[in-house]
Amino acid sequence: MKSFVINPLKHKELLNFLDDKAVNIIKYFIIKSLFAQPESKKEQRSLPIQIPKEHIEQWFTQALDVKPVGAGSYPIDIYNERENWGADIKMLNVKVNASGNVLNGDSGEASLGQNFADAGIDLDSLFASHSYDEIKDKWIKLYKDKYEILKRTYPIKKIYYFFILRPSIQGNGTNFYFAGAVLNINELNKVSVNKQRTTVRGKSVFLDNFIANEYGNTKIYKSKKRLELRLRAKFWIENDMAVKISTSFNGSHVNLRDENMGKDYLEKQIKQIKKIKVDFIF
């Protein structure tokens, strides 16, 4: 099988990270996060689930019993000192229908690196001159360098991306997915510019060979000066590359000014949240 820079983990590989304790800890955090979601008004459409990235990082820090490292643009969020691997954790929005089923199309974006100096400082002029290969070379060098620096700090053997895929709307139950990928930095020299998707008037340089086309795409985005990744989540799910985390949660629609917002109301909501079921579908 052809290798890329980003290579999805199979379902059975994902299970290596999910012992019973890890599963129960993530369930606990999901329930806490669902309780914190604000209610929509009666005439409003359901809101998407929002969970801060720092919280997702802490899910894995606790669940996998690993060391939290880095902040902001650091290459990894967690490091396993026992097995010498690190992981960058990302939450991506995926489109779903009213029944909660994932739809075709790209996920929301995840940043793989942002730079306002070096490669980013003359990005506008490089786009203006259509110097797409030079843009690609500069950003690939930045991407490679950050992981080379990481290896000088940690005796790292493998680098992963861990993804939590969250639904774009609350539907018939709110389901998450856990997916992951392993990085092969040696494949960076095979990355090329996708000439068909990178048009003269475009604002992004799309890349080939960073990730297999059926799994997603990467691009260098001019205005944000960053390298972005989007996944084709449905393909991951249908091809046994994700673990489903089902919940019975349905966000409520209520006008809170019409309610008696005292202690009794809060206790009633706590009773409701205790009834939520969260299950990993293996």
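Residues numbered from 1 in each chain as written. Predicted model: local features only at pLDDT ≥ 70, side-chain atom pairs only at ≥ 80, totals over all residues. Heavy atoms only, no water.

Peer 1: Residues and numbers for empty space enclosed by the protein, please.
Peer 2: Taken as a whole, this structure holds two cavities of 30 Å³ or more when the rule is applied. The calculated volume of the largest cavity comes to roughly 40 Å³. The wall of the largest cavity is formed by Val94, Lys95, Val102, Leu103, Asn104, Gly105, Asp106, Ser107 and Ala233. When the residues that make up the lining of the largest cavity are grouped by side-chain class, the tally is four nonpolar, three polar and two charged. (1 Å grid on protein atoms, 1.4 Å probe; cavity = no way out; pocket = protein on both sides within 12 Å on 5 of 7 lines; lining within 4 Å. Points joined across faces, edges and corners; volume = space filled by probe spheres on them. Nonpolar A, V, L, I, M, F, W, Y, C, P; charged D, E, K, R; others polar.)

Peer 1: Before we move on, can you summarise the packing of aromatic side chains with the specific residues and values?
Peer 2: Within this structure, the stated rule accounts for 20 aromatic pairs. Taken together, a centroid distance of 6.4 Å and an interplanar angle of 5° make the contact between Phe29 and Trp59 stacked. Here Phe29 is found in helix α2 (residues 20-35), whereas its partner Trp59 is found in helix α3 (residues 53-63), with 30 residues between them in sequence. Taking the relative accessible area as the measure of exposure, Phe29 reaches 15% and is therefore buried. Taken together, a centroid distance of 5.1 Å and an interplanar angle of 85° make the contact between Tyr215 and Phe235 edge-to-face. (Phe/Tyr/Trp six-rings, centres within 6.5 Å; stacked < 30°, edge-to-face > 60°. Helix = DSSP H or I, 4+ residues; strand = E, 2+ residues; numbered from the N terminus. Buried < 20%, exposed > 50% of the residue type's maximum accessible area, 1.4 Å probe, protein only.)

Peer 1: So what's going on with the layout of surface pockets? Residues and values would help.
Peer 2: The space that makes up the second largest pocket amounts to roughly 430 Å³. Ranked by residues supplied to the lining of the second largest pocket, first place goes to helix α7 (residues 263-274) with five residues. Considering only residue class, the lining of the second largest pocket consists of 10 nonpolar, nine polar and two charged.

Peer 1: Describe helix α5 (residues 132-153), and please don't skip the residues or the numbers.
Peer 2: An ideal rise of 1.5 Å per residue puts 32 Å on 22 residues; α5 measures up with 32 Å between its terminal C-alpha atoms. Looking only at α5, the buried set comprises Tyr132, Ile135, Lys136, Trp139, Ile140, Tyr143, Lys146, Tyr147 and Leu150. Looking straight down α5, one finds that the buried residues subtend no more than 125° of arc, so they occupy a single side. Exposed side of α5, more than 90 degrees from the buried face: Lys141 and Arg152 are the residues found there. (Expected span 1.5 Å × (residues − 1). Arc of directions from axis to C-beta.)

Peer 1: An account of the packing of α2 against α7 is needed here, citing residue identities and associated values.
Peer 2: It is the contact of α2 with α7, at a shortest axis distance of 10 Å, that shows an interaxial angle of 145°. Between α2 and α7 the crossing geometry is right-handed. Every residue of α7 that contacts α2 at Ile31, Leu34 and Phe35 is listed here: Leu266, Gln269, Ile270 and Ile273. When its residues are assigned to classes, the contact of α2 with α7 shows six nonpolar, one polar and no charged. (Axes fitted to C-alpha atoms, helices over the stretch in contact; angles between N-to-C directions. Left-handed = near helix turned anticlockwise from the far one by under 90°. Contact = heavy atoms within 4.5 Å.)

Peer 1: How would you summarise the side chain of Ser40 if you had to cite specific residues and measurements?
Peer 2: With respect to the helices, strands and loops of the structure, Ser40 is situated in the loop between α2 and α3. Beyond its immediate stretch of four places on either side in the chain, Ser40 contacts Arg45, Ser46, Leu47, Ser252, His253 and Val254.

Peer 1: An account of the pattern of salt bridges is needed here, citing residue identities and associated values.
Peer 2: A side chain of one charge can pair with a side chain of the opposite charge when the charged atoms of the two come close. Throughout the structure, instances matching the rule amount to 16 salt bridges. Residue Glu57 is joined to Lys53 by a salt bridge in which the shortest nitrogen-to-oxygen separation is 2.4 Å. Taken together, the residues span about one helical turn, with Glu57 and Lys53 both in helix α3 at a distance of four residues. Given the relative accessible area of 16%, Glu57 is considered buried. Through salt bridges with shared partners, a single ionic network connects Glu109, Lys224, Arg226, Glu228 and Arg230. (Salt bridge = Lys/Arg side-chain N within 4 Å of Asp/Glu carboxyl O.)

Peer 1: Explain the packing of α2 against α3 to me, using residue names and the numbers behind them.
Peer 2: How two helices pack is summed up by the angle between their axes together with the distance between the axes. Where α2 contacts α3, the axes come no closer than 9 Å and their chain directions differ by 150°. Comparing the axis directions of α2 and α3 gives the class roughly antiparallel. Taken as a pair, α2 and α3 cross one another with a handedness that is right-handed. When α2 is examined against α3, the residues Ala22, Ile25, Ile26, Phe29, Ile30 and Ser33 are found in contact with a partner set consisting of Gln58, Trp59, Gln62 and Ala63. (Parallel < 35°, antiparallel > 145°, perpendicular 65-115°, else oblique.)

Peer 1: Can you tell me about unusual backbone geometry, naming the residues and giving the values?
Peer 2: Phi is positive for Asn84, which is not a glycine, with a value near 60°. As for its position among the elements, Asn84 is in the loop between β3 (78-80) and β4 (85-94). Given a relative accessible area of 17%, Asn84 falls into the buried group. With a phi angle near 65°, Asp240 is a residue other than glycine that sits in the positive phi range. Tracing the sequence through the fold places Asp240 in the loop between α6 (233-238) and β12 (243-247). Accessibility expressed as a relative area gives 48% for Asp240, which makes it partly exposed.

By themselves, these observations are geometric and do not establish any function.
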